[in-house]
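# Tertiary structure, described
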Amino acid sequence: MIRSPIARTHLSTDVLVIGAGAAGLYAALAAARDGAAVLLVDRSLIGRGGATVMAQMTVAAAVGEPARDHWTHHLADTLTAGRGLCDPDLARVLCQQGVDCIREMDRWGVGWARDGDQLRQVQAPGHDRPRCVYVDFLNTGPAVSKTLRAQVQRQPAIRRIGDLCVTDLVVRDCVAAGAVAFSVADGRPVTIAAKAVVIATGGLTRMYRRNSASANMGGDGYALALRAGAELIDMEFVQFFPIGHLAPRLIGMDPIMWDPFRYKLGGRLLNGEMREFTESYGVAEDGSYVVTRDLATYAITKEVEAGRGSPAGGAYLSFQHVGADALRAAFGPVIDRLARNGIDLTKTPIEVAPIAHYHMGGIRVGPTLETAIANLFAAGEAVGGANGANRLSGNAITEAFAFGRLAGAQAAARVRGQAASAWHDDAARPALELVERVAPLSDTVNPAALVIELQAVMADQVGPFRTAAKLAAALARLDALRRALGAVPPGAPRTFDLARVDWFDLRNMLMVAEAVALAAAARTESRGAHQREDHPALKPEWRLNQVLRLESGRLALSTAPVRAEAAVS
């Protein structure tokens, strides 16, 4: 093997946090506040990648303003949305600790919308009362990210490194010991010794052709966890946001921006015949927004299949009944941004369609967010189980806050008094050799093109509505893509080598895509976000979690009973 001539950099820390969205930022803060030295790394600029900064949505928490509320009511709605598969301990953390996090963010000046002294809250689908806070004018995600970045920057115990691609975790004697990575900027191999590791890399929706994800949401954390010896759970449950923007062309705005419009003002979902249609699928909206995301995705898809879709292949979303004054009062300068895109909501509806948005599955953890590997924790969307088969609207950022804070605190507690990490160069050698590998450039393998092909496979065959035939075809095509990719990255480490980055991305994406397809093929029922057209009924005997692990380099699938619901007090 020929190795890169670029010398590696070795770093050490108490707690390594991988991923710098809301979950990673909160984890780093919590660990530092509890006395740990923290290294926060990300594929992007710190605090500017991942899903949080893109979010224009609301955040669910039972703060009780103005409607009386309690976290147990939020928990009940979360468990109902999860269709019997939620881990109740994790759901409890989300709902109970989320309230404290919202209050803490308020003290940090995030700018939650207010009515006088009270936080303003709106009602989102699946909630029994108004429970979702937000920052005015669709600014929730950017405001959250900015606030957390500012807090991190004030913490001298947190070292931040962006443009760092983590390729593998290092485990010694079943204890997390750090990671192997490379600098995207110069190709330099980097090894990191850590006493504890927190995976906060988000979800996997980049694997789909149409998605709401940033470029680094390809399931990296899931693949890192699998190769380290941890387990994944509920990988079949990919949530499709039903009203992603489809037409007319929208530039510089989030494709999932329409949810807040519907929350505040109500919006009519219409088919190509300009008729409301959700009642035909079991839920009458009557101008309000009450249908859950899985049901809305189903209804829109079926209307399109029946030839009743909008011209671009979706459904219409109309606000023509609302009026210009109400639209501007609710959304202010956003109306002007829409106008610059040629969109006047008072005159014409826009077209929307389902778009891959969130993943309910992920890394299997216990109540402290620790995995099956000691000292390895997960946070945010990287965690599986809290949301069961379908995530309740508004829970994503709450989950990032609550799980990030808990994972960081638990990691700091674990390393307190620990003299050194379990790091040893021998444990890191296989991963380091892959990063340092110098191989001939291929004239036939284009990793970027293979990524596009994988996205097509997932969209067409592992999308919202699945069959055994589609899933079998997907697994066969994924295997062919794996063979085409090869076992080593092309070329040599160098400055901003995007082909090399794409190779490592696709290495992860193929493993995670197979996990999704395998679990989807095995679950012969329809439940929540997993819909089998050849098995349309929900089956009580399938009230089971599916667990995946690597055994001798291959994915192995098993089932496990859903954890018993914890006593609520």
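What counts and how
Residues numbered from 1 in each chain as written. Predicted model: local features only at pLDDT ≥ 70, side-chain atom pairs only at ≥ 80, totals over all residues. Heavy atoms only, no water. Helix = DSSP H or I, 4+ residues; strand = E, 2+ residues; numbered from the N terminus. Rg over C-alpha atoms; globule rule 2.2 N^0.38 Å. Buried < 20%, exposed > 50% of the residue type's maximum accessible area, 1.4 Å probe, protein only. Contact = heavy atoms within 4.5 Å. Areas by Shrake-Rupley, 256 points an atom, 1.4 Å probe, with all protein chains shown as cover. Lys, Arg positive; Asp, Glu negative; His and termini not counted. Charge placed at Lys NZ, Arg CZ, Asp CG, Glu CD. Pairing = 2+ DSSP bridges. Axes fitted to C-alpha atoms, helices over the stretch in contact; angles between N-to-C directions. Core = buried A, V, L, I, M, F, W, Y, C linked by side-chain atoms within 4.5 Å. Disulfide = S-S within 2.5 Å. Expected span 1.5 Å × (residues − 1). Parallel < 35°, antiparallel > 145°, perpendicular 65-115°, else oblique. Left-handed = near helix turned anticlockwise from the far one by under 90°. Nonpolar A, V, L, I, M, F, W, Y, C, P; charged D, E, K, R; others polar. Phe/Tyr/Trp six-rings, centres within 6.5 Å; stacked < 30°, edge-to-face > 60°. Lys NZ or Arg CZ within 6 Å of the ring centre and 35° of its normal. Salt bridge = Lys/Arg side-chain N within 4 Å of Asp/Glu carboxyl O.

## Topic: the overall build of the chain
Scanning the chain for helices and strands turns up 14 helices and 23 strands. Against the 2.2 N^0.38 benchmark of 25 Å for 569 residues, the chain shows a C-alpha radius of gyration of 23 Å, consistent with a compact globule. Projected onto the principal axes, the alpha-carbon positions of the chain cover approximately 65 × 55 × 50 Å. When the 569 residues of the chain are sorted by exposure, 60% land in the buried category. Within the chain, contacts between residues separated by at least 24 positions form 74% of all contacts whose residues are at least 6 apart in sequence. For the chain, the exposed area adds up to about 20400 Å²; of that, 51% sits on carbon and sulfur atoms. Seen as two clouds, the 61 positive and the 58 negative side-chain charges of the chain have centres 3 Å apart.

## A short note on the sheet that holds strand β17 (residues 362-363)
Taken in spatial order, the four strands of this open sheet run β17-β12-β22-β23, and their pairing is antiparallel. Of all strands in the sheet, those with a lone pairing partner are β17 and β23 (554-561), marking the two edges. As defined by bridge partners, strand β12 (residues 232-233) adjoins β17 across two bridges and the pair is classed as antiparallel. Its bridge partner lying in β17, Ile-233 is registered against Gly-362. Set on the sheet, helix α14 (residues 498-522) makes contact with β22 (544-551) and β23; between it and β23 the angle comes to about 45°.

## Re the environment of Leu-39
For Leu-39, the position within the fold is in strand β3 (residues 38-41). A relative accessible area of 2% places Leu-39 in the buried class. Sequence-wise, Leu-39 and Ile-158 are 119 residues apart; in three dimensions their C-alpha atoms are separated by 5.8 Å.

## Some remarks on the nonpolar core
Counting residues in hydrophobic clusters, the biggest one holds 139 residues, and the most contacted among them are Trp-112 and Phe-401. If you tally residues by element for this core, the top one is α14, at 14 residues. In this view, Phe-401 contacts Ala-22, Tyr-26, Val-59, Cys-101, Ile-102, Met-105, Trp-112, Val-144 and Leu-148; residues no more than four positions away in its chain are not counted. Leu-269, Leu-327, Ala-330 and Leu-338 belong to the second-largest nonpolar core, a separate cluster that totals 28 residues.

## Considerations on the state of the cysteines
Under the defined criterion, the tally for this structure stands at zero disulfides. With no disulfide partner, Cys-101 has as its closest neighbouring cysteine sulfur the one in Cys-95, 12 Å distant. For the unlinked cysteine Cys-132, the closest cysteine sulfur is that of Cys-95, found at 11 Å.

## A closer look at the sheet that holds strand β15 (residues 315-318)
Read from one edge of the open sheet, four strands run β13-β16-β15-β14, paired in antiparallel fashion. Edge positions in the sheet fall to β13 (238-247) and β14 (268-270), since each of these pairs with one other strand and no more. Within the sheet, the average angular offset between the axes of one strand and its neighbour, ignoring direction, is 45°. In terms of strand pairing, β15 meets strand β16 (residues 350-359) through three bridges, oriented antiparallel.

## Quick notes on the side chain of Asp-220
By the secondary structure assignment, Asp-220 is in helix α5 (residues 220-228). For Asp-220, a relative accessible area of 9% puts it in the buried group. Setting aside anything within four residues of it in sequence, one finds Asp-220 in contact with Arg-43, Thr-201, Asp-505 and Asn-508.

## Section: helix α13 (residues 468-485)
Along its 18 residues, α13 runs 26 Å from first to last C-alpha, staying within 8% of the 26 Å computed at 1.5 Å per residue. Among the residues making up α13, those that are buried are Leu-471, Ala-474, Leu-478, Ala-480, Leu-481 and Leu-485. Tucked into the core, α13 has its buried residues touching α12 (447-461), β20 (465-466), α14 and β21 (531-532). Looking one or two residues beyond α13, the residue adopting positive phi is Gly-486, at roughly 85°.

## Re the pairing of β16
Taking burial as the measure, the ten residues of β16 include ten buried ones, the bulk of the element. Judged from the seven bridges that link them, β13 and β16 form a sheet pairing that is antiparallel. Its bridge partner lying in β16, Phe-241 is registered against Ile-355.

## A short note on the packing of α12 against α14
Helix-helix packing is described using two parameters, namely the angle between the two axes and the distance between the axes. Close contact between α12 and α14 brings their axes to 9 Å; oriented N to C, the two are set at 20°. What the angle tells us is that α12 and α14 run roughly parallel. The two elements α12 and α14 cross, and the hand of that crossing is left-handed. Contact with α12, carried on its side by Pro-447, Ala-448, Leu-450, Val-451, Leu-454 and Met-458, involves Ala-499, Asp-502, Trp-503, Leu-506, Met-509, Leu-510, Ala-513 and Val-516 of α14 and no other residues of that element. Grouping the amino acids of the contact of α12 with α14 by side-chain chemistry returns 13 nonpolar, no polar and one charged.

## Digging into the packing of helix α2 (residues 71-81) against helix α3 (residues 88-107)
α3 packs onto α2 with a crossing angle of 140° between their chain directions and a minimal axis gap of 9 Å. The pairing of α2 with α3 is recorded here as oblique in orientation. Here the hand of the crossing between α2 and α3 comes out right-handed. Packed against α2, whose contacting residues are Trp-71, His-74, Leu-75, Thr-78 and Leu-79, the element α3 presents Pro-88, Ala-91, Arg-92, Leu-94, Cys-95, Gln-96 and Val-99 at the interface. Considered class by class, the residues forming the contact of α2 with α3 number eight nonpolar, three polar and one charged.

## Observations concerning the packing of aromatic side chains
Throughout the structure, instances matching the rule amount to eight aromatic pairs. Through successive ring pairs, a cluster of aromatic residues spans Tyr-26, Trp-108 and Phe-401. Against the face of Phe-465 rests Lys-302, its NZ or CZ located 5.6 Å from the ring centre. A cation sits over an aromatic face here: Arg-391 above Tyr-358, 4.2 Å from the ring centre.

## Points about the pattern of salt bridges
Per the stated rule, a full pass over the model turns up 41 salt bridges. Among the ionic pairs, Asp-505 bridges to Arg-206, the shortest N-O distance being 3.1 Å. On the criterion of sequence distance, the pair formed by Asp-505 in helix α14 and Arg-206 in the loop between β11 (189-199) and α5 is long-range, its members being 299 residues apart. Residues Arg-328 and Asp-336 are paired through a salt bridge, measuring 2.9 Å at the closest nitrogen-oxygen approach. In this structure Arg-328 comes out as partly exposed when scored by relative accessible area, which is 40%.

## Brief notes about the pairing of strand β9 (residues 164-172)
β9 sits mainly inside the fold: seven of its nine residues count as buried. Note: β9 against strand β10 (residues 175-183), eight bridges, orientation antiparallel. In the strand pairing of β10, Val-166 is matched with Ala-181. Hairpin remark: β9 followed by β10, antiparallel, with two residues in the connecting loop; positive phi at Asp-173, about 55°.

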